[in-house]
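# Understanding the architecture of this molecule
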Amino acid sequence: MSESFPTVHPADSVNAVDALNRLAAVIESRLPQRGGNPEASYVARLLAKGPDAFLKKIGEEATEVVMAAKDVDHGAAKAPLVGEVADLWFHCMIALAHYGLNPGHVVAELERRAGVSGIEEKALRKALAREAS
């Protein structure tokens, strides 16, 4: 059975960023300092428990992404992989909000890296770390 996913074009990236920004606004509204109610909101509950709670969830979700990808490698459907990545991104967005950041910061970093070889970028980071030592 073949799965079908909508085709996503680069022009759709604006819509994707808008969707992430809308979700980020909801997550930010659940911050304790914004009156997030842990009794009524999963996000507020995670934030109220502190970083250990949402960081643990990020680790769990990352592991589930790896497992779902391995399943796809062995012929499983791709939809669970998409779902697990969505869960991982969601929990990462909770961390961003906690630390006063948002998806725009991540997109800006990705744009900064565009056109830069990953190998070169990693070598530059190592060189800068050596200089700082």
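Everything below is about the structure shown above.
Let me begin by describing the structure that accompanies this report.

Cut-off values and rules
Per chain, residue numbering runs from 1 following the sequence as it is written. Whole-chain, interface and lining totals are the exception, using all residues; otherwise, since this is a predicted model, local features are given only for residues with pLDDT of at least 70 and side-chain atom pairs are given and counted only at 80 or more. No hydrogens and no water enter the side-chain calculation; it runs on all heavy atoms of the structure. Strands are runs of DSSP state E lasting at least two residues, helices are runs of H or I lasting at least four, and both sets are numbered from the N terminus onward. Every radius of gyration here is taken over C-alpha atoms, with the globule rule written as 2.2 Å times N^0.38, N being the number of residues. Accessible area is worked out with a 1.4 Å probe on protein chains only. A residue is then buried under 20% of its type maximum, exposed over 50%, and partly exposed in between. The criterion used for residue contact is that any of the two residues' heavy atoms lie within 4.5 Å. In this description, accessible areas are obtained by the Shrake-Rupley approach with a 1.4 Å probe, and a residue is regarded as covered only by the protein chains that are shown. Positive charge is attributed to Lys and Arg, negative charge to Asp and Glu, and no charge count is given to His or to the chain ends. Just so you know, the charge point we use is NZ for Lys, CZ for Arg, CG for Asp and CD for Glu. Axis lines are fitted to C-alpha atoms, over the contacting stretch for helices. Their N-to-C directions set the angle, which ranges from 0 to 180 degrees. Between 65 and 115 degrees an angle is taken as roughly perpendicular, under 35 as roughly parallel, over 145 as roughly antiparallel, and anywhere else as oblique. Should the near helix be turned anticlockwise from the far one by less than a right angle, the crossing is left-handed, and should it be turned clockwise, the crossing is right-handed. Only one rule defines a salt bridge in this text: a Lys or Arg side-chain nitrogen within 4 Å of an Asp or Glu carboxyl oxygen.

Each helix and strand counted, the chain has six helices and zero strands in total. Along the chain, helices and strands appear, N-terminal first, in the series α-α-α-α-α-α. Against the globule reference of 14 Å for 133 residues, the chain gives a C-alpha radius of gyration of 18 Å, more extended than a compact globule. With the C-alpha coordinates of the chain rotated into their principal frame, the extents come out at 55 × 45 × 30 Å. In the chain, buried positions account for 20% of the 133 residues. Look at the contacts in the chain between residues 6 or more apart in sequence, and 56% of them connect residues 24 or more apart. As presented, the chain carries roughly 9400 Å² of accessible surface, and 60% of it is formed by carbon and sulfur atoms. Distance between charge centres in the chain, computed from 15 positive and 18 negative side chains, equals 4 Å.

On to the packing of helix H2 (residues 42-49) against helix H4 (residues 79-98). Put simply, H2 and H4 touch, their axes get as near as 11 Å, and they point 55° apart. As summarised for this structure, H2 and H4 are arranged oblique, according to the angle between their axes. The chirality of how H2 crosses H4 is right-handed. Contacts between H2 and H4 pair Tyr-42, Val-43, Leu-46 and Leu-47 from the former with Phe-90, His-91, Ile-94 and His-98 from the latter.

Inspection of every chain in the model, using the stated rule, returns seven salt bridges. With its nearest N and O atoms 3.4 Å apart, the salt bridge here joins Glu-60 to Lys-57. Here Lys-57 and Glu-60 lie together in helix H3 (residues 51-73), a separation of three residues that amounts to about one turn. The partner of Lys-57 in a salt bridge is Glu-61, with the nearest N and O atoms 3.5 Å apart. With Lys-57 and Glu-61 both in helix H3 and four residues apart, the pair spans about one turn of that helix. Through salt bridges with shared partners, a single ionic network connects Glu-109, Arg-112, Arg-113, Glu-121 and Arg-125.

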